[in-house]
Every structure is written in structure tokens, then in C-alpha cells.
Amino acid sequence: MCGIVGYYGKQDQVLDTLVSGLKRLEYRGYDSAGVAIINKDQEFTCIKEVGKIKNLENKINNQNIPEFKGIGIAHTRWATHGVPSVENAHPHSGQDQKIFLVHNGIIENYQEIKDKLTNEGVTFYSQTDTEVLAKLIEFNYTGDLKEAVLKSLEVVQGAYATVVLAKNEPDRLIAVKKGSPMVLGLNGDEYILGSDVSAIISKTREVIYLEDGEMIDINNGQYSVCNLDNQSLDKDIHNIDWDEDAASKEGYEHFLIKEILEQPKVIKDSVRGRLLPDTGDIKFGGLIDVMDKIKEVNRVIILGIGTSFYSAKLGELYFESIANIPAKAEMSPEFRYNDAVIDDKTWVIAISQSGETADTIAGIEEAKRKGALVTGIVNSVGSPIARITDAGVYNQIGPEISVASTKAFTSQATLLLMHAILLGRTRGLGYTQAEELISEIKKLPEYFEKVALLRGETKELASKYINYDNLVYVGRKYNYPIALEGALKIKEVSYVHAEGLSAGEFKHGFIALIDEKMPTIAILTKDSVYDKMVSNVEEIRARNGKIIAIASEGDERVESISEDVIYVPRSTKEEIQPLINNMALQLLAYNFAHGRGLDVDKPRNLAKSVTVE
Ligand code: M6R
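Residues numbered from 1 in each chain as written. Predicted model: local features only at pLDDT ≥ 70, side-chain atom pairs only at ≥ 80, totals over all residues. Heavy atoms only, no water.

Caption draft 1: Here's a closer look at the pairing of strand β2 (residues 32–39). β2 sits mainly inside the fold: eight of its eight residues count as buried. Direction of pairing for β2 relative to strand β3 (residues 44–50): antiparallel, over a ladder of seven bridges. Residue pairing for β3: V35 is matched across the bridge by I47. Once β2 ends, the chain turns through four residues before running back antiparallel as β3, passing Q42 with a positive phi of about 60°. The pairing of β2 with strand β4 (residues 68–77) spans seven bridges and is classified as antiparallel. Bridging from a neighbouring strand, I37 pairs with G72 of β4. (Buried < 20%, exposed > 50% of the residue type's maximum accessible area, 1.4 Å probe, protein only. Helix = DSSP H or I, 4+ residues; strand = E, 2+ residues; numbered from the N terminus. Pairing = 2+ DSSP bridges.)

Have a look at this one:
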């Protein structure tokens, strides 16, 4: 949430690096954006604009900028305090514009600090908490930026990743992290700071991940790291193993459709080397060190939010049926306050694409405090969740750029299924059952190739229902989480009101809303609850409800009870089928949003990484 870029290096690289870094981070927030650079005569030029980065870029291109130095900061915003406006956009400055900063996070005690500074005669121009931080640092500034930042942070409560410049020290850039992410890229005499590595990879693969309570001081071409007590720290330099092309659209119109259609490939990457069909086992290199603990657990909790929570819901079913162990999916924003019963025999698996979600981080910390084993399933390499968990498994699906999560869900659910097999094999799961599941996991790419062919059909279907403003998704058992995820996906990208329900829950209230204006997307593929689903669908039809069915290839019966049918390939394992069904719903959501002419990759009000509570 909010993207930060900082640059120190070559004059001719400053604006390009800042703006291209912001474009890479735009999925983190896109309400408004801004840059600040220092001119040769040691004054700041700050340019800000409402809306997407391209608006800022146009403004920069149309402005006559005085000659400037090789240092600057930039920000793309997802509003927390104050509406999206030029005044509220970052960078923010101190009272006399001696310092400028960009910030990601929330300063919780901003009002208290603001009141004190107001009494000291400081004037505020925005509604943001960030301006308070800027004004405070400048208030404490007596010629040494590091000193001013350290002094100011003594009174600041909340979360921040911030990069600060001072006009009187035009060869210096300070960055601090607490709660929100920050990475430093090293490229010879150039330094690039970013909220995540995507802002950096076009320049370098060498990075330093900042931990909470750490500060980077880049001063006269040298960098040093210290803690907030000003004690020096030695930091490891990591190498990012990332293909830059993976973060580009590669000819597709949108990231969303690219990410949906690349699932046959990425799911192979996600499971590569981890399936051992000969012995019916699963091998996760990242869990080897904690396997002894895993064998001892008597309970599993799977933690996540949004799409990651819905994959956790599938995981809950997998663990109970395959590993025969009590399992529960927990929504991280609730879990952190719920006094959950956890002990050292609990295995908490935290799911997060970004690895940055604030609520999930808080849940992990709570679980660790209570003695649980906490592992992760994370996509973003080196992200905060990957680093604070005891051990974990990476999705290995490449960057997911579109705000709506698609391939990450598929990989998360597949990896959870594999976690359940891994644990199951230590708790009585037989070779034959494990091997059958493994061989169906291996077939996922084939199934996804077939679903990809439904692109045209889902487009036609979307155009038929494009003017409907209410939809309901129903499924049962393994397809109940898919109903929830299908509804979330279409809501996010199409702004259509959609609800996901268990088909069994339907007649306990929701059915009152059914009429010809509220179509039902029924996930009706063949599985152990198929007959129950058919009965539930009949109940909806008896109330004039229109049914759009997701059905198994060859199931002609479904045609007689549905208005429209999308046929998907059938897996021999009902644990695998929801992943196939979900991809068809992803295509439907994409086509619905695209048909409505919406910005499918950056839906309004959303951000890809939710780094505040
Ligand atoms: O990065 P995370 O997986 O922790 O993100 C969790 C949710 O914010 C995320 O899944 C969100 O619901 C997506 N926009 C869903 O498409």
C-alpha cells in the first residue's frame, strides 16, 4: 500500500529511475503521485498530481525544471488520511521546505504531534499523517538530517517506511523502516530505494532488505545502516533471482488476462521438484528444518485475508480430509484480536501473495508469541512475511502485478493441498491415495490449458449479463471457497455487487433476493455433493432465478436446469476440481470488467499490498 522510490546517483538517471520505479509500484496504490528533486541551487522542485502515474509523468514533461542534482524521492499513494488531492499527495515538506519526505504507513499519534507543532506556530496544508512527520523532522532539524530523523522517531508511534531529503545536505538521503517494507538496491555508485524489489530490478539484482527499526544513511556516495539507537549494523546483500520480463505484459492487453492465462506454466513452476510420485511424498526444501516439529502438531491454522483467505478455506478442507487433523482457516484481521487458542502443538500457515499484508503480519506475531510453529506460503521473495516466519515455501509463480489475485490463488491452494499430503503421510495417509492426488496435481497444467480455451465463451457470456448489477455465486464443499473467491473477483474488477454462498445456506435467507434480475453462478461440477447442488439449483429456479452453471464436460443434465453452461474439464479428484472451476470464473470476471470498459488491472479504491491495518 503506497509505493516509495528513492534515488541517489547520476543526474541524468534521477527522473527516469523515479518515474519508472513508480510505474512498477503502481499496483500498490494509484490515487495520486509525486516526486521531489533538489536543484543545483539547493532548492526543491516538487511535482505532484492526482490519479495514475501517467498524469504525473505528463505534468513533469510539461514543466520547465531547473537544473537538478542526482538525488530524488517519489511516491504513489493509496489514501488513508485525506482524500486523493494534490495537497495530500506526497512528497510532503517541513515548514520552510528545508526537508521533503515520502512515507508509507500510518503515524498513529499524528494528531497529538500536530497539535504540539501547531502550538509552536507550524502550519499544515494537508489532512495527512505524513505531513506531520515531515513537519516534525524539519522542526527538529539543526543541520544533521540523521540526527533530526532519529530524534523525531523517538516520539512517533505507528508504521512507516520513509525516505527523507534535506536541501542543506544535498548529497544525503535517509531511509527508515518500521512496519512497512523497504529495500535498498546497490548498483555501484547508484543507490535505489523501493517499497519492493520491482522498483529496483531494472537497475540491479543486489539488494539489502531493511528490517524494522533500521535506518539507511546514504551520504556523499557511501551508505551505512544503523538502528534507531544509532548503532551500526552489518547487513547481508542478497541477489534477486527474478526475470524482469515476468513483470511485463508480454503482448497481452492487461496483466490480469496474462496472469490468468499463464497458469498452465506457472503452476508447473510452483510444484516443480516438490512432487515425489514414486513414494507418494512431497518435498518442500523450505520446510526441511521444521519437519520434526510438523510431525508433532495436533492442529493447523491457516491465516490469510481476501483471496489468500479463500485459498486458506480450501486448505482447511484439505488438511481435515487428507491429513485427518483439525484445521481452521482464519481471517487475519480478525484472528489478531480473537484470543485464538494456540500452543506449541499448533502449526500456523500464513498465506500471502505480497508477503506484506499488515494484518497477516500481526497474526503471525501473535501466533509466534503463543509458541506456535509458523510457516509461510508467500510469493514475494524476501518480503516481510517470508522473513518473519520460522520457515516456508515460495509460490514461485513470478510477480503478480494485477491488483486482483489470480495465479497466486491457484498456487496457494495447490501448495496447501501439497502441505496436507506432506502432513498426511506422517499421519496414516496411504501411498495410493497420496499418489493419486499427486498425479492429478501434475495434470493441472493440462486442465488449465483447456480452461484457457474458454476465453471466447466466457466473453460471450459476460456480454450477455453485462448489465446485471447483482450476481450470486454458489458452491458446496470444495467449491464453496470458489464461490467466495469467484464473487470477490468479479466485485473487485467489475464493481458488480456479487455474493458468494454455500448453496446449502441459500434457502436460509438469501433466497428472498432471488428474482429474474439476480442471476446465480452455480458451480455444479461432478463431485460428492453434485446431487445436493442440483437440488439447491432447482430451488433457485423455482423462484425464477436464472442459473449460469459451471459444469463438467459431458454433463448434459445441467443444460436442462440452466440458462447458460460453461463446461470445464473434469478431474478424477474432487480436491483438484475447484482449481479448474476457479480459472473459468477468473476468465468470466476479466471479461465482465473488460466489457464494462474498466481498468481491470487497477480497480478503483484498491491496492495490491495492504500494509496498513
Ligand atoms: O498479498 P496478500 O495475499 O496477503 O493479499 C491479501 C489480500 O489483500 C488480497 O488477496 C486481495 O483480496 C486481492 N485484491 C484479491 O484479488
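From this point, things continue past the structure.
Caption draft 2: Structural view of the sheet that holds strand β22 (residues 391–394). Strand order across the open sheet formed by five strands is β19-β18-β20-β21-β22, with parallel pairing between neighbours. In this open sheet, the two strands that pair with only one neighbour each are β19 (327–331) and β22. When the angles between neighbouring strand axes are averaged without regard to direction, this sheet yields 20°. Inspection of the sheet shows strand β18 (residues 299–304) paired to β19 by five bridges, in the parallel sense. From the neighbouring strand, L303 faces β19, where its bridge partner is E330. (Axes fitted to C-alpha atoms, helices over the stretch in contact; angles between N-to-C directions.)

Caption draft 3: Spatial organisation of the pairing of strand β7 (residues 158–166). Burial within β7 is extensive, with nine of its nine residues counted as buried. Side chains G158, Y160, T162, V164 and A166 project from β7 onto one buried face, and the interleaved A159, A161, V163 and L165 project onto a second face that is buried too. Pairing geometry for strand β6 (residues 99–107) and β7, over nine bridges, is antiparallel. Residue pairing for β7: V102 is matched across the bridge by V163. Of the pairings in the sheet, the one linking β7 to strand β8 (residues 172–178) comprises four bridges and is antiparallel in character. What sits directly across from V164, in β8, is I174. Linking β7 to β8, which pair antiparallel, is a turn of five residues.

Caption draft 4: View of the environment of D599. With respect to the helices and strands, D599 occurs in the segment after α19 (577–595). Placed 105 residues apart in sequence, D599 and S494 show a C-alpha to C-alpha distance of 9.0 Å.

Caption draft 5: Fine view of the sheet that holds strand β24 (residues 497–502). Pairing in this open sheet of five strands is parallel, and the strands run β24-β23-β25-β26-β27 from one edge to the other. Two strands close off the open sheet at either side, each with one partner strand: β24 and β27 (564–568). Mean inter-strand twist for the sheet, computed between neighbouring axes without regard to direction, equals 20°. Across five bridges, strand β26 (residues 547–552) lies against β27 in parallel orientation. Of the residues in β27, the one forming a bridge with A551 is Y567. Contacts between helix α15 (residues 455–465) and the sheet are confined to β26 and β27, with β27 contributing the most and set at about 155° to the helix. Where helix α16 (residues 480–494) meets the sheet, its contacts fall on β23 (470–475), β24 and β25 (520–523), and the angle it forms with β24 comes to roughly 175°. (Contact = heavy atoms within 4.5 Å.)

Coordinates in, geometry out; function isn't part of it.
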